[in-house]
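Below, each chain spelled out in residue letters.
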Amino acid sequence: MTRPPAETLERGATPWLFAAALAAVLPHAAHQPAWLSVAAALLFAWSAGLWWRDGRLPGRWPLAALVAAGCAGILFEFRTLFGRDAGVALLVVLTALKLLEMRSRRDATVVVTLGYFLLLTHFLYAQDIPAGLWLPVALCLLTAALIRLHGGSAAGGPRRVLGQAALLCVQSLPFMLVLFVLFPRVSGPLWGLPQDAHAGLTGLSETMTPGSIADLVQNGELAFSVRFDGAIPPRDKLYWRGPVLEHYDGRTWRPHPGRQPAPRVEARSAPLGYETTLEPHRQTWLLALDAPTALPPDFAVDGTLTAKRLQPLVERRRFRAAASLDYRYNADESPVSLRRNLALPPGRNPQARALAESWRTGENGPDGVIRRALALFGSRDFAYTLQPPLLGEQPIDDFLFTTRRGFCEHYAAAFVVLMRAAGIPARVVTGYQGGEANPVDGYLVVRQSDAHAWAEVWLAGEGWRRVDPTSAVAPERVETGVAAALSAGEPLPALVRVRADWLRTLRYRWEALNNAWNQHVIGYDERRQRELLGRFGFPDIDWRGLAAALGAGCGLLLALLGWALYRRPRHEPVQALWRKALRQLARSGVDCAPWEPPVALARRVRERAPALAADFEAVAAAYLRARYGPDGDLAILRAAVARLSSRRRT
């Protein structure tokens, strides 16, 4: 039994396939290696040039060599052919190469199928509003290419084809809505892969060196957003606690690796409830407001008052928490912890030690030493900047006595070293400070540019007290924001520096819209689903109930669709047979339109496809008699169309 020949790809359908493949591949250029984007662009240009010149496509062996070269390049770049980045890169290369072997309609269908699959992979990188707007456009274009591919020239012009594709996409919206609302939610990232789904995320680190916080402040991306149950507290009360750093080796600060006893917190003010939506940062801390009094079930407060969980956060999550802004904790600290927070590396920063010991020998108590240190930073000799000079082997001495220019991590580190040298237990706390209230939706937006470092000192009878040395040199940083504390030439993100009221209002509206998208679309998790269904009288529905509701909803939509298709006006039998004949001509490479006169079309068929001329002339004559003649016989037309179909297949 011989295999039937593949249907030849119509020339007019090829530009649609180029446009659809480009729409599916183009967004990946933002995160793929530059050489891969250039290679894909060259392959696209090559295939388009061959189509334009009606040139011959490459043979099997050149294509096999290109596939091998592409796989080798991806393997060299990513060290694997699997995972998110390598897998998507492979799909991009295969899509571009498939354009060089589009000889039949089957090959073109593979290109469209690859395009549909590539649309799904965009959600592995971006789930924001621009991606949500681009993907429906690409989906419509892919559907239009499929319509033009199978409908031929009879499908009509670009406007008609795009209109049909848009209509099909709109008709699918009810099914999409039912699936979105009722499909059982799963815990964990829906659009992610286990190993590298969030490999490019940035945020606060577990260590601190001179310049680490300053580098992060130059990033204007969102860290988290907060909605308070009441009014937003004053900015100088908004300290979002991250890692607490107790070990110092002379340059780098690190957290204590061992376990510590649970903290003893005494709340002196009523708890303030809030809901925070935390962006994925691949760390275990929550960045809770000081001091946390209530946390989500999977979080616990460690001995340094940091809210942590066992697993890193690799997806956007929403949490409910509460905090007391006036508190005291660990008034009876363990001797081991106190000794750890007095330790200094031997032989490092001798000038700073000598200065602190001179403060200690006087009549000053701990409060006096703290005031002396803050007064030192508040003198005119010190400056607050994102671009401090490099420090040498004795970084604290260089900062205090030579450069005197630094960012928050410089002041926090120097303050803690001075306190320890003066016999006061102290440590560095990193996190975020402040935030920007959005008047449009009432959320507090905290960016990476709000990253901050401050200090804690332990005082007998009081416990750990927060001391922010930055407030001594640049109080505007705590009271207003980082942009107000730095000069105009500092490298802050443009988003943070914007001053024009109309630009700020526009940004507020865009961020409110983006936050609503994150909260209600991307953040539509199991809890949101239960809340929504609870409003309709199903508060305790389980996955079985969701599956039943999903089946019932889809079944109802299918029934409505069937009824609508049944009620659609049908073409007359004569017109239906004529359209079938035109489709046969289109598959043979003869461009035709339903409105072209049959006699003129028959003359053109004799020129373009002589083998079909006689059979089509019989079809045209039978159609004219059946449509306009008094004695038209539908059976004659049906037989003529059948002969044309059999002739085309031979």
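About the criteria used
Residues numbered from 1 in each chain as written. Predicted model: local features only at pLDDT ≥ 70, side-chain atom pairs only at ≥ 80, totals over all residues. Heavy atoms only, no water. Helix = DSSP H or I, 4+ residues; strand = E, 2+ residues; numbered from the N terminus. Buried < 20%, exposed > 50% of the residue type's maximum accessible area, 1.4 Å probe, protein only. Contact = heavy atoms within 4.5 Å. Areas by Shrake-Rupley, 256 points an atom, 1.4 Å probe, with all protein chains shown as cover. Lys, Arg positive; Asp, Glu negative; His and termini not counted. Charge placed at Lys NZ, Arg CZ, Asp CG, Glu CD. Polar contact = N/O pair within 3.5 Å; in protein donor to acceptor, adjacent residues only side chain to side chain. Phe/Tyr/Trp six-rings, centres within 6.5 Å; stacked < 30°, edge-to-face > 60°. Patch = residues over 30% accessible without salt bridge, like charges linked within 9 Å, V, L, I, M, F, W, Y side chains within 5 Å. Salt bridge = Lys/Arg side-chain N within 4 Å of Asp/Glu carboxyl O. Arc of directions from axis to C-beta. Expected span 1.5 Å × (residues − 1). Pairing = 2+ DSSP bridges. Disulfide = S-S within 2.5 Å. Axes fitted to C-alpha atoms, helices over the stretch in contact; angles between N-to-C directions. Parallel < 35°, antiparallel > 145°, perpendicular 65-115°, else oblique. Left-handed = near helix turned anticlockwise from the far one by under 90°. Nonpolar A, V, L, I, M, F, W, Y, C, P; charged D, E, K, R; others polar. Core = buried A, V, L, I, M, F, W, Y, C linked by side-chain atoms within 4.5 Å.

(A) Structural view of the overall build of the chain. Across its full length, the chain holds 25 helices and 19 strands. Each principal axis of the C-alpha atoms in the chain carries an extent, and together these give about 120 × 60 × 50 Å. By the burial criterion, 45% of the 650 residues in the chain qualify as buried. At a minimum sequence separation of 6, the contacts of the chain that also span at least 24 residues come to 71%. If you sum the accessible surface of the chain, you get close to 32,800 Å²; carbon and sulfur atoms cover 60% of it. Measuring between centres, the 76 positive side-chain charges of the chain sit 10 Å from its 58 negative side-chain charges.

(B) Local environment of the side chain of Gln433. For Gln433, the position within the fold is in strand 15 (residues 426-433). Looking at Gln433, its side chain comes within polar contact range of the main-chain oxygen of Arg235, at 2.9 Å. Not counting residues up to four positions away in its chain, the partners in contact with Gln433 are Arg235, Asp236, Leu238, Tyr239, Trp240, Asp450, His452, Arg477 and Val478.

(C) Expanded view of the packing of aromatic side chains. For the coordinates displayed, the defined rule picks out 19 aromatic pairs. Between Phe228 and Trp240 the ring centres are 6.3 Å apart and the planes differ by 40°, which places this aromatic pair in the tilted class. Here Phe228, found in strand 1 (residues 222-228), pairs with Trp240, found in strand 2 (residues 239-245); they are 12 residues apart in sequence, far enough to count as distant. For the pair formed by Phe228 and Trp240, the shared burial category is buried.

(D) Geometry of a nonpolar patch on the surface. A surface patch of nonpolar side chains, about 280 Å² in accessible area, is lined by Leu22, Leu26 and Trp134. Summarising the element assignment, Leu22 is placed in helix 1 (residues 14-25).

(E) Representation of helix 23 (residues 598-608) within the structure. Of all the residues in helix 23, the buried ones are Pro598, Leu601, Ala602 and Val605. Down the axis of helix 23, the buried set is contained in an arc of 105°. They therefore lie on one face. Facing away from the buried side of helix 23, by more than 90 degrees, are the exposed residues Arg603 and Glu607.

(F) Looking closely at helix 2 (residues 34-53). Under the 1.5 Å per step criterion, the end-to-end length of helix 2 is 29 Å for 20 residues, consistent within 8% with the ideal 28 Å. When we look at burial in helix 2, the residues that qualify are Leu36, Ala40, Leu43, Phe44, Ser47, Gly49 and Leu50. Of the residues trailing helix 2, Asp54 is marked for its positive phi of about 55°.

(G) The environment of Cys140, seen in detail. If you trace the backbone, Cys140 turns up in helix 6 (residues 129-151). Look at Cys140 and you get buried, because its relative accessible area is 16%. Sequence spacing of Cys140 and Val161 is 21 residues, and the spatial spacing of their C-alpha atoms is 10.0 Å. Once residues lying within four places of it in the same chain are set aside, the contact partners of Cys140 are Leu162, Ala165, Ala166 and Cys169.

(H) The arrangement of unusual backbone geometry in detail. Residue Ala291 follows Asp290 across a cis peptide bond; omega there is -10°. Structurally, Ala291 is set in the loop between strand 7 (288-289) and strand 8 (292-294). At Arg282, a residue that is not glycine, the phi angle is positive and equals roughly 60°. Relative to the assigned elements, Arg282 resides in the loop between strand 6 (272-278) and strand 7. Unlike most non-glycine residues, Leu287 shows phi in positive territory, near 60°. On the basis of relative accessible area, Leu287 is assigned to the buried category, the value being 3%.

(I) How the structure looks around the sheet that holds strand 15. Taken together, 5 strands build an open sheet; the order of strands is 7-2-15-18-19 and the sheet is antiparallel. With one partner strand each, in any of the chains shown, strand 7 and strand 19 (463-467) form the two edges of the open sheet. Across 5 bridges, the pairing between strand 18 (residues 451-459) and strand 19 is antiparallel. Bridge assignment links Leu459 to a residue of strand 19, and that residue is Gly463.

(J) Spotlight on the state of the cysteines. Evaluated as defined, the whole model comprises 0 disulfides. Residue Cys140 stays outside any disulfide, its sulfur separated by 4.8 Å from that of Cys169, the closest cysteine. Overall, Cys169 belongs to the buried group, its relative accessible area being 18%.

(K) Focus on the packing of helix 4 (residues 84-98) against helix 5 (residues 105-121). Their axes nearest at 10 Å, the elements helix 4 and helix 5 cross at an angle of 155°. The angle between the axes of helix 4 and helix 5 places the two elements in the roughly antiparallel class. The two elements helix 4 and helix 5 meet at a crossing, and its hand is left-handed. Facing Val88, Leu91, Val92, Leu94, Thr95 and Lys98 of helix 4, the residues of helix 5 in contact are Asp107, Val110, Val111, Leu114, Phe117, Leu118 and Thr121. Residue composition of the contact of helix 4 with helix 5, by class: 9 nonpolar, 2 polar and 2 charged.

(L) Looking closely at the nonpolar core. In terms of nonpolar packing, the biggest core is built from 73 residues, with Trp240, Phe407, Met419 and Tyr432 touching the most fellow members. Ranked by residue count, the leading element in this core is helix 14 (residues 408-421), at 11 residues. Ala24, Val88, Ala89 and Leu91 belong to the second largest nonpolar core, which has 48 residues in total.

(M) Inspection of the side chain of Arg447 at higher detail. Its location among the elements puts Arg447 in strand 17 (residues 444-447). The class for Arg447 is buried, based on a relative accessible area of 6%. There is a polar contact of 2.3 Å between the side chain of Arg447 and the side chain of Glu511.

(N) Up close: the environment of Ala512. Secondary-structure assignment places Ala512 in helix 19 (residues 501-522). Here Ala512 falls in the buried class, since its relative accessible area comes to 9%. Residues contacting Ala512, with those up to four places away along its chain left out, are Asn438, Val440 and Asp441.

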